[in-house]
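Chain residues, written in single-letter form:
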Number of protein chains: 2
Amino acid sequence: MKIQLENITPSEIENRSMEIISQELVQLGITLNKEHAPVIKRAIHASADFEYAQNLYFSENVITQALSLLKNGACIVTDTKMAFSGINKKALYNYNCKIYNFIDDKDVALAAKQNNTTRSAACIDKAADIKEPVIFVTGNAPTALIRIYELYKEGIINPGLVIGVPVGFVNVVQAKELIIQTDIPCIISRGRKGGSNIAAAICNALLYML
Amino acid sequence: MKIQLENITPSEIENRSMEIISQELVQLGITLNKEHAPVIKRAIHASADFEYAQNLYFSENVITQALSLLKNGACIVTDTKMAFSGINKKALYNYNCKIYNFIDDKDVALAAKQNNTTRSAACIDKAADIKEPVIFVTGNAPTALIRIYELYKEGIINPGLVIGVPVGFVNVVQAKELIIQTDIPCIISRGRKGGSNIAAAICNALLYML
């Protein structure tokens, strides 16, 4: 079989990909909400999975809130090193935002062991001490989302935004619905799907909208 | 709506997830090749996408070859920092394997600019100097796979294994088929799907099989 490569320069690849995604959405009969479209398209771009055109939940006015947070130097807390790695630091630091991942911290490992919880959940407790407005970016651990819910309900944290897209089979669907039921501004991939790649893609989409 | 969380300890979550995946594969009428099953299940675990039960291509005898490479201290080269972050370093270093990601290297940026190619492709050229057997792990850049193909055809590199699971819309399908057509041992996600999360998941599945 002769394989035919498309002749394209590196700088054109992303635009061409986005064009293809837009065309195929039309073919699928899907019209995206204009405000949400850049986020949805970047999630599809990161996964080649058009289910993200249907499963992303956006709380009311969340894009405006997210952009305002990022413009004013919010602090991003991620649950995995993969999501941390995937977020565009240059774009982030342009706006004086900070980004933390506490998963390898010794106090986090200790707290997780003591409380028989995951290190991802213990990271949320640690993040409660952050003074700046916090954007939680969760691509892996539903236990992190559950802890965000608990600490919010107890009045201990008040997240500026939750990007809640853990992937998986145990308590993932439920953890996402818990967040949706609160008043926390959020972008959530309903159902089982998500992942660190999707978490980073959503975060970057917001940064590129600025 | 009352949300009911499953009561489960952190250490049980992964086993429970794998159980659910196995059960649902049965319900879908899918029987996995026994040797490939751990890799396929971990790709599904990383994405909640059962398409990975169908789209993963394994060259003949590749699992045995991969495990032998890892046991003997191979050198992994990844195309993204996300895949690099997601691969279990502890497991890797237990077998004296090395792992590199050249994407931020200055000589790579320069070479990419000079040759009007992507930095990911330029990373492959840089990897040609590695003396140990190399496992290429590509979760993002089809241009990296194309460069692997070219350098292999020119006799400049002879990869021990290619885990080729870039995601996307431009030259992704073709780049994967190029590798499949060679004699390089490979694990490839046919079609558009893949990603750094899938790349890391496959790599980790192999490490956990040792």
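Residues numbered from 1 in each chain as written. Chains lettered and ligands numbered in written order. Predicted model: local features only at pLDDT ≥ 70, side-chain atom pairs only at ≥ 80, totals over all residues. Heavy atoms only, no water.

Caption draft 1: Broad picture of the overall build of chain A. Check the secondary structure of chain A and you find eleven helices and six strands. Radius of gyration (C-alpha) of chain A: 18 Å, near the 17 Å computed for a compact globule of 210 residues. Long-range pairs, those at least 24 residues apart, make up 63% of the contacts in chain A with a sequence separation of at least 6. Per element, the accessible surface of chain A, about 9400 Å² overall, is 47% carbon and sulfur. Across chain A, the centroid of the 21 positively charged side chains sits 4 Å from that of the 20 negatively charged ones. (Helix = DSSP H or I, 4+ residues; strand = E, 2+ residues; numbered from the N terminus. Rg over C-alpha atoms; globule rule 2.2 N^0.38 Å. Contact = heavy atoms within 4.5 Å. Areas by Shrake-Rupley, 256 points an atom, 1.4 Å probe, with all protein chains shown as cover. Lys, Arg positive; Asp, Glu negative; His and termini not counted. Charge placed at Lys NZ, Arg CZ, Asp CG, Glu CD.)

Caption draft 2: Expanded view of the sheet that holds strand S2 (residues 75–78) of chain B. All names here are of chain B. Ordered in space as S1-S6-S5-S4-S2-S3, the six strands form an open sheet in which the pairing is mixed. Pairing within the sheet leaves two strands with one partner each, and these edge strands are strand S1 (56–58) and strand S3 (98–100). Averaged over neighbouring strand pairs, the angle between their axes works out to 15° when direction is ignored. Across three bridges, the pairing between strand S5 (residues 161–164) and strand S6 (residues 186–189) is parallel. (Pairing = 2+ DSSP bridges. Axes fitted to C-alpha atoms, helices over the stretch in contact; angles between N-to-C directions.)

Caption draft 3: How the structure looks around the packing of aromatic side chains. Under the counting rule described, the total for this entry stands at four aromatic pairs over all chains. Judged by centre distance (6.1 Å) and plane angle (85°), the rings of Phe 169 of chain A and Phe 50 of chain B are edge-to-face. Of this pair, Phe 169 of chain A sits in the loop between strand S5 (161–164) and helix H10 (172–181) while Phe 50 of chain B sits in the loop between helix H2 (37–47) and helix H3 (52–55), which puts the two residues in different chains. Just as Phe 169 of chain A is buried, Phe 50 of chain B falls in that class too. Centre to centre, the rings of Tyr 100 of chain B and Phe 102 of chain B are 5.6 Å apart; their planes meet at 20°, and the pair counts as stacked. Looking at Tyr 100 of chain B, the relative accessible area reads 31%, which means it is partly exposed. By relative accessible area, which is 9% here, Phe 102 of chain B ends up buried. The residue whose ring lies beneath Lys 89 of chain A is Phe 84 of chain A, and the NZ or CZ to ring-centre distance is 4.7 Å. (Phe/Tyr/Trp six-rings, centres within 6.5 Å; stacked < 30°, edge-to-face > 60°. Buried < 20%, exposed > 50% of the residue type's maximum accessible area, 1.4 Å probe, protein only. Lys NZ or Arg CZ within 6 Å of the ring centre and 35° of its normal.)

Caption draft 4: Quick look at the interface of chain A and chain B. At the junction of the two partners, chain A supplies 47 residues and chain B supplies 47 residues. Taking both partners together, chain A and chain B bury about 3600 Å²; carbon and sulfur atoms supply 68% of that area. For chain A, the biggest contributors to the area lost against chain B are Met 82, Phe 169 and Val 170 of chain A; these three give 20% of the whole. Linking chain A to chain B there are four salt bridges. The salt bridge partner of Asp 49 of chain B is Lys 193 of chain A, with a shortest N-O separation of 4.0 Å. Along the contact surface separating chain A from chain B lie eight residue pairs in polar contact (both at pLDDT 80 or more). (Buried area = accessible area lost by both parts, 1.4 Å probe. Salt bridge = Lys/Arg side-chain N within 4 Å of Asp/Glu carboxyl O. Polar contact = N/O pair within 3.5 Å; in protein donor to acceptor, adjacent residues only side chain to side chain.)

Caption draft 5: Main features of the state of the cysteines. Inspection of the entire model under this criterion finds zero disulfides over all chains. The thiol of Cys 203 of chain A is not disulfide-bonded; the next cysteine sulfur, from Cys 97 of chain A, is found 8.7 Å away. (Disulfide = S-S within 2.5 Å.)

Caption draft 6: Summary view of the pairing of strand S4 (residues 134–138) of chain A. All names here are of chain A. Burial of S4 is extensive: five of the five residues sit out of reach of the surface. Both faces of S4 are covered, namely the face carrying Val 134, Phe 136 and Thr 138 and the face carrying Ile 135 and Val 137. Direction of pairing for strand S2 (residues 75–78) relative to S4: parallel, over a ladder of four bridges. Bridging from a neighbouring strand, Val 77 pairs with Phe 136 of S4. Here S4 runs beside S5; their pairing, made up of four bridges, is parallel.

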